[in-house]
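Summary of structural features
What follows is each chain in one-letter form.
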Amino acid sequence: LSEGWPYQAYLDGAALDGAVVRSRRPGDRIHPLGGPGSKKLQDLYVDRKIDRADRELPVIARGSEILFAVGAGLSERAKAAFGGRVVRVRYQRRS
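What follows concerns the nonpolar core. Leu11, Ile60, Phe68, Leu74 and Ala78 are the most contacted members of the largest nonpolar core, which has 13 residues in total. When contributions to this core are tallied by element, the ones reaching two or more residues are β1 (8–12) and β6 (65–69). Of all hydrophobic cores here, the second largest spans ten residues; its members include Tyr45, Ile50, Val59 and Ala72.

Most of β1 sits out of view: four of its five residues are buried. Pairing of β1 with strand β8 (residues 86–90), which is carried by five bridges, proceeds in the antiparallel orientation. Paired with Asp12 across the strands is Val86, a residue of β8.

Turning to the environment of Asp28, a few remarks are in order. With respect to the helices and strands, the residue Asp28 is situated in the loop between β2 (20–22) and β3 (29–30). Residues Asp28 and Leu41, 13 residues apart in the sequence, show an inter-C-alpha distance of 5.6 Å. With near-sequence residues (within four places) excluded, Asp28 lies in contact with Arg22, Lys39, Lys40, Leu41, Ser64 and Ile66. Within polar-contact distance, the side chain of Asp28 engages the side chain of Arg22 at 2.9 Å.

Basis of the calculations
- Residues numbered from 1 in each chain as written.
- Predicted model: local features only at pLDDT ≥ 70, side-chain atom pairs only at ≥ 80, totals over all residues.
- Heavy atoms only, no water.
- Core = buried A, V, L, I, M, F, W, Y, C linked by side-chain atoms within 4.5 Å.
- Buried < 20%, exposed > 50% of the residue type's maximum accessible area, 1.4 Å probe, protein only.
- Helix = DSSP H or I, 4+ residues; strand = E, 2+ residues; numbered from the N terminus.
- Pairing = 2+ DSSP bridges.
- Contact = heavy atoms within 4.5 Å.
- Polar contact = N/O pair within 3.5 Å; in protein donor to acceptor, adjacent residues only side chain to side chain.

Printed below as a string of C-alpha cells:
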C-alpha cells in the first residue's frame, strides 16, 4: 500500500457529523469527486479497476452515502472547503 493518495484524504469536518467507519454494504452510493452525480460504490470500483482485495478496505459513511472509500476515492459532498474545519483521514495497516 502507498502512504499517500488514495489511502488518505482531507475531508470537510462538517460532513463527518454522524459518519462512521465501516465495511462496504450492498447499495452503498458515492458522489465521486468531480463527477456529475452519484453512482454505486461497486460500479466505482469496477470503473477504476480497483483490485478485489482493496474493495474490502474500510469506508467512511453516513447511512448508505459513502464519504470516502479507502483506495477508491472521495465524495464531492465531503471535499474540504476553504475556510472550514478540515480533517485528515489516513488508512494504515497494522503490522
